[in-house]
Amino acid sequence: MHDPSSESHAQTIEFPRETEGLPEARRTELVELADGDEFELEIMPVKQRIGDATVRMLAYNGSVPGPTLKVAQGATITVHVTNHGDLDATVHWHGLRLENRYDGTHDTQAPIPVDETFTYQVHVPDPGAYWYHPHIREDYGQEMGLYGNILVSPSEPDYWPPANRELLLTLDDILIEDGQIAAFRESETTHVAMGRFGNVMLVAGEPDLSLEAERGEVVRFYFTNTANTRVFNVTLPGAQMKLVGADAGHYEHEELVEEVLLAPSERVVVDALFPDAGELELEHRTPERTYRLASIAVTDQQPEPSYADEFAQLRTNRDMAELRQRIEPFLKAPADKTLSFVAEMDMGVPEGVPVVYACPMHPEVVSDEPGSCPKCGMKLLAQAAEETTYVCPMHPEVTSDKSDRCPKCGMKLLPANLVAAGGGHGHEHHGHGHNEHEHEGHNGHGHHGHNDDGEPGEEHDEHGQHGHGHHGHHHQHGEPEHGHDTAQGIEWEDDMVEVNRMTTPANMRWKLVDRETGAENAQIDWTFHVGDQVKLRLVNEMDSDHPMPHPFHVHGAGRFLILARDDVVEPNLVWKDTVLVRTGETVDILLDVTNPGRWMAHCHIAEHHESGMMFSFNVAPAVRAGEEASSAS
C-alpha cells in the first residue's frame, strides 16, 4: 500500500506559498450586470493578511471572495474567465440551471490552461444566492480563496419580504500553520478522511469582520458555506432571525429561528431584525463550543422606512404550498434510485510486531481484533502494540506501562500516541489554552484550539446542544447506541488530526454506490429525461469504515425538494441543490429534471469529491407524445 506519510519533503512537490511580489488582496466588489452584459473574471495569486500571517492566496479579480455578481432573474450574461493561477482551471456556477456546456466541469469543457481564456454564458433562471468556484482540485482552489457569490434578483417584487438592505456573507475556514496556509501537494489530495478543517474562521474573507446596523433595521443575510468540509451553525444573539430562503428560492413557510445550519456549498437566506442598540456578535455554535464570526455594532439611529411590522408577519408562499400537494404521491412511492454513501479505509498493518486495533476518534476504544468502533462505527486502525506507554486523557501526567485505570479519575489509561492523535496535538498551532470542558460522548472534540491565539475565530463560553428547529430540520437525527447522538450526526471538528492528514485517495476511498446495480462512483450510469420527477433515496451507511455526514450536491440538471428524513416528512419545502445527509441518516429527495446534457452529482466535501465520490448522469430531451415515458432508467 502506498503510504504518503513515508514520503520525504524533497519528494513531495507542493503548490507555491511565496508572497513576494504579489499584489495585496483588495475589497470585494458588487457588480450589477444587465441581460446581455459581458464581464471579465481573472484567476490570480494575491497576498492577504490573516491575523498575524501574510499568506499567498488565489483570487477572482484580486479579492477574496471574488466579485459579487448581481443579475436579474431570467438574464444571461457573458463571463470571460482568464486563468493566471497555479494549474488548469474551470469555473462551476453552483446551483444555476444554465446550459450544460457552461457548467464548468471536465464533463462539459476542456480545462482552461494557465494564461488562457474561456467564455461562459451564464443564465440565471431562479432567484436567490448562488456561487462560483473551481471544479479542478477544488480542495486547493477553494481553500486558497477561489469563491464568489451571484445574487439573482427576483422578477416578482414581493418574492422576498421587505428589508432595508441585503448583505452577502461567505462562511469559510482556513488552515494556517507556521504563518502560511498549510501546504498542498500537487500530485494528490490529503485530509481525505474527514476533509480539511481550518483553524481560522473567515467571514466575507475576513478573520475579524466588523459590521454595522441600525436599531429597528431589517437586514437580509445571504449566507454561503464555502468551506472545504466544516458545517456552520449560525446564530445572532440579541437579534431576531427569520428564515426565509435557502439554496434556490424561498421557503414554503417563513419561520422565526434561533440558528441556521449550513453544510458545505449550502446557502441560507435569513432576515434579521435588530430591536436594540448595542454590540452583537454573529456566532457559529456547536454542541461543545462557540466561535465568534463577526461583530455587529447596532447604532441608535433608526431606519426609514421601518419594516418591523412586516418582519413579524410569517408568510406562506403560494408556489411552495402548491408543491406540497404535488409531492404527496411521491412520499410513499418507492425510490427510483437509491445511493449509498460508503468509505473504504486501508491504512496498512505494521509488519513484524504485535498490533492492537484502535479508533482514531475515540482513543479509549482499543481491541486485539479488527472491527468497528461501537461509538462512531469507524474502522479500527492497526498500530504497533509493543512498548506502549499508557496515559490518562484527563490527567496526562498519569502514565503507566500497563493499561490500568487513572488513580485520580478512574478513567482507563490509553496508548499515548492515540491520545495525542485523538486530541489533535499533532498540529503545533492547536491547543492555545482551549482545553475546555468536554461533554460526554464527544471524547475530546473540544481539544482543538482552532483560532490561532484567540484572534480570528475567538471562542466564547460553551453552550449546550441546541434544538433542531433551524433550516427546516425539526427532528432529531441520532442513531441508537451511536456516539454521534450528542453531535447531531455531524463532525463539527477534526477529531483525528494526524490520521486525517495522512489520508489520500490511495488509502481512503469514498464511494457513492447504486444500490440496484452495485455500480460505484464513475461507473454509475443513469439516464433521465427532461420533465421527469425522480425520487432518489440517499443512505448514509453506518456499515462503513468511517461513517460521517455528507453534503450531496446535484448540478444543474434541475433542482430538488427534500421529501423526508428518516421517513419523517420534511415540514418546510424549499428548492435545493445540496442536502446534508447526516451520519446514519436516510434522506429522500425529488429531483425535478429540466435541463438536457451530462451532469455531475457528488459529495461537496472538497476532499471527498477529489477522491472520487462523484458520478455523472445523462438527461435526454423530453419524451415526445406517443413514446413510452420512464421516470428513470
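Predicted, not measured: the structure shown is a model, and the values here were computed from it.

Here the focus is the overall build of the protein chain. Within the protein chain, the regular secondary structure consists of six helices and 40 strands. Looking at the protein chain as a whole, 59% of its 633 residues are labelled buried. For the protein chain, the computed accessible surface area is about 23600 Å², with 47% contributed by carbon and sulfur atoms.

So, about the sheet that holds strand β18 (residues 249–257). Spatial ordering of the open sheet is given by β13-β10-β15-β20-β17-β18, a layout of six strands whose pairing is mixed. A strand with exactly one partner marks an edge of an open sheet, and here the two such strands are β13 (200–203) and β18. Each strand of the sheet is rotated relative to its neighbour by a mean of 25 degrees, with strand direction disregarded. With seven bridges joining them, strand β15 (residues 218–225) and strand β20 (residues 267–273) adopt antiparallel strand pairing. Paired with F221 across the two strands is V270, which belongs to β20.

Sheet architecture is open: five strands sit in the order β1-β4-β9-β8-β6, paired in mixed fashion. Strands at the two margins of the open sheet, each flanked by one partner only, are β1 (30–33) and β6 (92–94). Going from strand to strand, the sheet's axes swing by 25 degrees on average, the running direction of each strand aside. Pairing between strand β8 (residues 128–133) and strand β9 (residues 148–153): five bridges, direction antiparallel. Among the inter-strand pairings, Y132 is bridged to a residue of β9, identified as G148.

Here we take up the layout of surface pockets. The volume enclosed by the largest pocket comes to roughly 650 Å³. Around the largest pocket, the lining comprises 24 residues; the ones closest to its centre are R27, T28, L167, L168 and A204. Contributions of two or more residues to the lining of the largest pocket are made by β2 (38–50), β4 (68–72), β9, β10 (165–174) and β14 (209–214). If you tally residues by element for the lining of the largest pocket, the top one is β10, at five residues. Looking at the lining of the largest pocket residue by residue, the class counts come to eleven nonpolar, six polar and seven charged.

Before going further, it helps to examine the packing of aromatic side chains. Per the counting criterion, the structure on display carries 14 aromatic pairs. Consider the rings of F15 and Y140, whose centres lie 4.0 Å apart with planes at 15 degrees: the pair is stacked. With F15 in the segment before β1 and Y140 in helix α1 (residues 138–144), the pair connects residues that are 125 residues apart, well separated along the chain. With relative accessibility at 1%, the residue Y140 sits in the buried group. Between W93 and Y120, the aromatic rings sit 5.6 Å apart at their centres with planes inclined by 70 degrees, giving edge-to-face as the arrangement. Of this pair, W93 sits in strand β6 while Y120 is found in strand β7 (residues 117–123), placing the two residues 27 residues apart along the sequence. Taken as a pair, W93 and Y120 share a single burial class, namely buried. These aromatic residues form a ring-pair network of at least three members: Y60, W93, F118, Y120 and Y132. Cation over ring: R196 sits above F184, and NZ or CZ is 3.7 Å from the ring centre.

With the rule as written, the count across this model stands at seven cavities of 30 Å³ or more. In this structure, the largest cavity encloses a volume near 90 Å³. Along the wall of the largest cavity there are 15 residues; nearest its centre are L87, D88, A89, P134 and L146. A class-by-class count of the residues in the lining of the largest cavity yields eight nonpolar, four polar and three charged.

Summarising the element assignment, E116 is placed in the loop between β6 and β7. A sequence separation of 32 residues divides E116 from H84, and the C-alpha atoms of the two residues are 7.8 Å apart. Those residues in contact with E116 that sit more than four places away from it in its chain are V81, T82 and N83.

For the rest of this paragraph, the subject is helix α3 (residues 318–331). Taking 1.5 Å per residue, 14 residues should reach 20 Å; α3 reaches 20 Å between its end C-alpha atoms and fits that length. If you look at α3, its biggest bend is around 30 degrees, right at Q325, and the proline P329 turns up within four residues after that. By the burial criterion, the buried members of α3 are M320, L323, R324 and I327. Those residues of α3 hidden inside the fold are in contact with β18, β35 (558–565), β36 (568–569) and β38 (586–593).

With that settled, the discussion passes to the pairing of strand β40 (residues 614–620). Counting buried residues along β40, five of its seven residues qualify, which places the element largely inside the surrounding structure. Across three bridges, strand β32 (residues 527–529) lies against β40 in parallel orientation. Opposite H529, over in β40, you have A620 as the bridge partner. In the sheet, strand β39 (residues 597–603) pairs with β40 via six bridges, with the strands oriented antiparallel. Residue H602 lies in a different strand from β40, and its bridge partner there is M614.

A few words now on the nonpolar core. In summary, soluble globular proteins display a tendency toward joint burial of nonpolar side chains. L69, W93 and V122 are the most contacted members of the largest nonpolar core, which has 56 residues in total. When residues no more than four places from it in sequence are discounted, the contact partners of V122 are A75, T76, I77, V79, W93, L96 and L98. Counting 50 residues, the second-largest nonpolar core is a separate cluster that includes V192, M361, V587 and L591.

In this section: the confidence of the model for the protein chain. Of the residues in the protein chain, 82% reach a pLDDT of 70 or more, and the chain-wide mean stands at 85. For residues 1–10, every residue scores under 50 in pLDDT, and the model assigns this stretch 19 contacts once sequence neighbours within four places are set aside. A low-confidence stretch, residues 421–486 (pLDDT under 50), is modelled with 205 contacts involving residues beyond four sequence positions or located in other chains.

Residue placement: E138 occurs in helix α1. Of the side chains with opposite charge, R137 comes closest to the buried, unpaired E138, at an N-O distance of 10.0 Å. Residues contacting E138, with those up to four places away along its chain left out, are H133, E143, H604, A606, H609 and E610.

Conventions adopted
Residues numbered from 1 in each chain as written. Predicted model: local features only at pLDDT ≥ 70, side-chain atom pairs only at ≥ 80, totals over all residues. Heavy atoms only, no water. Helix = DSSP H or I, 4+ residues; strand = E, 2+ residues; numbered from the N terminus. Buried < 20%, exposed > 50% of the residue type's maximum accessible area, 1.4 Å probe, protein only. Areas by Shrake-Rupley, 256 points an atom, 1.4 Å probe, with all protein chains shown as cover. Pairing = 2+ DSSP bridges. Axes fitted to C-alpha atoms, helices over the stretch in contact; angles between N-to-C directions. 1 Å grid on protein atoms, 1.4 Å probe; cavity = no way out; pocket = protein on both sides within 12 Å on 5 of 7 lines; lining within 4 Å. Points joined across faces, edges and corners; volume = space filled by probe spheres on them. Nonpolar A, V, L, I, M, F, W, Y, C, P; charged D, E, K, R; others polar. Phe/Tyr/Trp six-rings, centres within 6.5 Å; stacked < 30°, edge-to-face > 60°. Lys NZ or Arg CZ within 6 Å of the ring centre and 35° of its normal. Contact = heavy atoms within 4.5 Å. Expected span 1.5 Å × (residues − 1). Bend = angle between axes of the 7 residues up to and from the residue. Core = buried A, V, L, I, M, F, W, Y, C linked by side-chain atoms within 4.5 Å. pLDDT = per-residue confidence, 0-100. Lys, Arg positive; Asp, Glu negative; His and termini not counted. Salt bridge = Lys/Arg side-chain N within 4 Å of Asp/Glu carboxyl O.

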